[in-house]
Every structure is written in C-alpha cells, then in structure tokens.
Amino acid sequence: MNIWVFFQIDDDQIHPACLEAITPAKQLGQVSAVILHPQARKHANTAFEYGADQVFLNEDAEFNQFTPEVFSSTISA
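Keep in mind the model is a prediction, meaning the values are calculated, not measured.

**Topic: the overall build of the protein**
Here comes step 1: Within the protein one finds three helices and five strands.
Here comes step 2: When the helices and strands of the protein are read in sequence order from the N terminus, they spell out β-β-β-α-β-α-β-α.
Here comes step 3: What you see for the protein is a C-alpha radius of gyration of 12 Å, in line with the 11 Å of a compact globule of 77 residues.
Here comes step 4: Projected onto its principal axes, the C-alpha coordinates of the protein cover approximately 35 × 25 × 15 Å.
Here comes step 5: In the protein, which comprises 77 residues, the proportion classed as buried is 31%.
Here comes step 6: A sequence separation of at least 24 residues applies to 50% of the contacts in the protein between residues at least 6 apart.

**Regarding the pattern of salt bridges**
Here comes step 1: According to the stated counting rule, one finds three salt bridges in the structure shown.
Here comes step 2: Measuring nitrogen to oxygen at the nearest pair gives 2.4 Å for the salt bridge that ties Lys42 to Asp12. A residue pair is termed long-range when its members are at least 10 positions apart, and Lys42 in helix H2 (residues 41-49) and Asp12 in the loop between strand S2 (9-10) and strand S3 (13-14) qualify at 30 residues.
Here comes step 3: Judged by relative accessible area, which is 27%, Asp12 ranks as partly exposed.
Here comes step 4: Measuring nitrogen to oxygen at the nearest pair gives 3.7 Å for the salt bridge that ties Arg41 to Glu59.

**Regarding a nonpolar patch on the surface**
Here comes step 1: Residues Trp4, Phe6, Phe56, Phe66 and Ile75 make up a contiguous nonpolar surface patch of about 480 Å² in total accessible area.
Here comes step 2: Mapped onto the elements of the fold, Ile75 is located in helix H3 (residues 68-76).
Here comes step 3: Residue class for Ile75 comes out partly exposed when judged on its relative accessible area of 34%.

**A few points about the pairing of strand S1 (residues 2-7)**
Here comes step 1: Going residue by residue along S1, you find Ile3, Val5 and Phe7 tucked away on one face and Asn2, Trp4 and Phe6 left uncovered on the opposite face.
Here comes step 2: Two elements, S1 and strand S4 (residues 30-36), share six bridges in a ladder whose sense is parallel. Along S4, the bridge assignment pairs Phe7 with Ile35.

**Remarks on helix H1 (residues 16-26)**
An α-helical turn contains 3.6 residues, so any two residues separated by three or four positions project in the same direction.
Here comes step 1: Turning to H1, its buried residues number three or more, namely Cys18, Leu19, Ile22 and Ala25. Summarising the axial view, the buried residues of H1 lie within an arc of 115°, below the 170-degree limit, and thus occupy one face.
Here comes step 2: Residues of H1 that are buried sit in contact with S1, S3, S4 and H2.

The rules we used
- Residues numbered from 1 in each chain as written.
- Predicted model: local features only at pLDDT ≥ 70, side-chain atom pairs only at ≥ 80, totals over all residues.
- Heavy atoms only, no water.
- Helix = DSSP H or I, 4+ residues; strand = E, 2+ residues; numbered from the N terminus.
- Rg over C-alpha atoms; globule rule 2.2 N^0.38 Å.
- Buried < 20%, exposed > 50% of the residue type's maximum accessible area, 1.4 Å probe, protein only.
- Contact = heavy atoms within 4.5 Å.
- Salt bridge = Lys/Arg side-chain N within 4 Å of Asp/Glu carboxyl O.
- Patch = residues over 30% accessible without salt bridge, like charges linked within 9 Å, V, L, I, M, F, W, Y side chains within 5 Å.
- Areas by Shrake-Rupley, 256 points an atom, 1.4 Å probe, with all protein chains shown as cover.
- Pairing = 2+ DSSP bridges.
- Arc of directions from axis to C-beta.

If you want it as structure tokens, here you go:
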C-alpha cells in the first residue's frame, strides 16, 4: 500500500504534524510525501530524513498561497 502524506508549509516551515504522520503511515506501507510549494525541493530532504520513501513535488509559484482548487487539481493530475 502506498500512503501519501501532504506537506503543509507555513512561513517556509513544514507543519510538524506532517512529519509526525510519516511514522504511522510507514506501518501501513510505502510513504510518499507530496510537497506543493515554490521552494518544495529544499524540503524534500527533510521528508526523506523522516522516512518518506519517495517525494512528489511541484515548485510552481501558484502554490505560494493555499487555494483548494489549485492544490486538489494538481494532486489529482
């Protein structure tokens, strides 16, 4: 089973709950971190350090502010 953990980034910091979610997700299977932020790449190593098996990222400027329609359409694509 592949579990996706969405990384919420506020003030250029990963929300701690996102990192905490990786541990129980690992008990269910492979973990993929999803990072949508203009500087997503700089947060990818942290995801791996906390146990993510892979990282999906997109660094488009439109992810600077959360918009449900934009984020959900990107994730579903």
